[in-house]
Amino acid sequence: QKEVEQNSGPLSVPEGAIASLNCTYSDRGSQSFFWYRQYSGKSPELIMSIYSNGDKEDGRFTAQLNKASQYVSLLIRDSQPSDSATYLCAVHAGNMLTFGGGTRLMVKP
Amino acid sequence: DTGVSQDPRHKITKRGQNVTFRCDPISEHNRLYWYRQTLGQGPEFLTYFQNEAQLEKSRLLSDRFSAERPKGSFSTLEIQRTEQGDSAMYLCASSLAGAWATNYGYTFGSGTRLTVV
């Protein structure tokens, strides 16, 4: 069983809509949680981090964490075509980040 | 120093050849990580260093792979006797140790894309 699970997608949303990306993890000792964005052929870029249960907002992005359910999500409001990318959920436990397989998001004009 | 640098960006090699990649981390970062990413998958952890000490290696890292960070600054990843299955993007990342990594994650380089033909 993979330690960090994501739906591979593609998730297709119209421009201006809310995109909702989800992630579950297996290690209850996980300390912090990250969302990276990766454009095709490029390296991952950190967009959000969250450590405590609840919501954390940064511009159009909101990360949500529920440690009891071992669930992390990322909401992207007012989605733009430039948001089309693969979104990687990463979990920090011990001394390393463990990544999910990523969800491909497509925002259609 | 504005980021993590990796060299080369692309490498095409014939099966059975040896290849070496270099990573220069953010200068004040004492931790350096190597990940491998294949198409459609998330990055997979290979190994990490704190300063010059290699502290953890994944079981993905076969005997053909070796990594060094001799002076605690740049790192090299060597693959001997390459196989077609080694074709992937090799990503290097750096961070400060401890709470920094927990709170701020890692900064990734642009990666080295290896193609074994």
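Scroll up a little and you will see the structure.
**Some details on the interface of chain B and chain A**
Frequently, the measure chosen for interface size is the accessible area that the parts lose on association.
For step 1, the next point in the chain: Counting residues at the interface gives 23 residues for chain B and 20 residues for chain A.
For step 2, the next point in the chain: Both faces combined, the contact of chain B with chain A buries some 1600 Å², and carbon together with sulfur accounts for 51% of it.
For step 3, the next point in the chain: Here chain B and chain A share zero salt bridges between them.
For step 4, the next point in the chain: Where chain B meets chain A, there are six residue pairs in polar contact (both at pLDDT 80 or more).
For step 5, the next point in the chain: The set of elements that each furnish at least two residues to the side of chain B that touches chain A consists of β4 (31-37), β5 (44-50), β9 (88-95) and α1 (99-104) of chain B.

**Details of the state of the cysteines**
For step 1, the next point in the chain: Under the criterion given, the structure shown has two disulfides over all chains.
For step 2, the next point in the chain: Between the sulfur atoms of C23 of chain A and its disulfide partner C89 of chain A the distance amounts to 2.1 Å. As the torsion about the S-S bond is roughly -70 degrees, the C23 of chain A-C89 of chain A disulfide counts as left-handed. Highlighted residues: C23 of chain A in strand β3 (residues 19-25) and C89 of chain A in strand β9 (residues 85-93), separated in sequence by 66 residues.
For step 3, the next point in the chain: One disulfide bridge connects C23 of chain B with C92 of chain B, the sulfur atoms lying 1.9 Å from each other. Across the disulfide from C23 of chain B to C92 of chain B, rotation about the S-S bond amounts to roughly -70 degrees, and the bridge is consequently left-handed. Here C23 of chain B, found in strand β3 (residues 19-24), pairs with C92 of chain B, found in strand β9; they are 69 residues apart in sequence, far enough to count as distant.

Basis of the calculations
Residues numbered from 1 in each chain as written. Chains lettered and ligands numbered in written order. Predicted model: local features only at pLDDT ≥ 70, side-chain atom pairs only at ≥ 80, totals over all residues. Heavy atoms only, no water. Contact = heavy atoms within 4.5 Å. Buried area = accessible area lost by both parts, 1.4 Å probe. Salt bridge = Lys/Arg side-chain N within 4 Å of Asp/Glu carboxyl O. Polar contact = N/O pair within 3.5 Å; in protein donor to acceptor, adjacent residues only side chain to side chain. Helix = DSSP H or I, 4+ residues; strand = E, 2+ residues; numbered from the N terminus. Disulfide = S-S within 2.5 Å.

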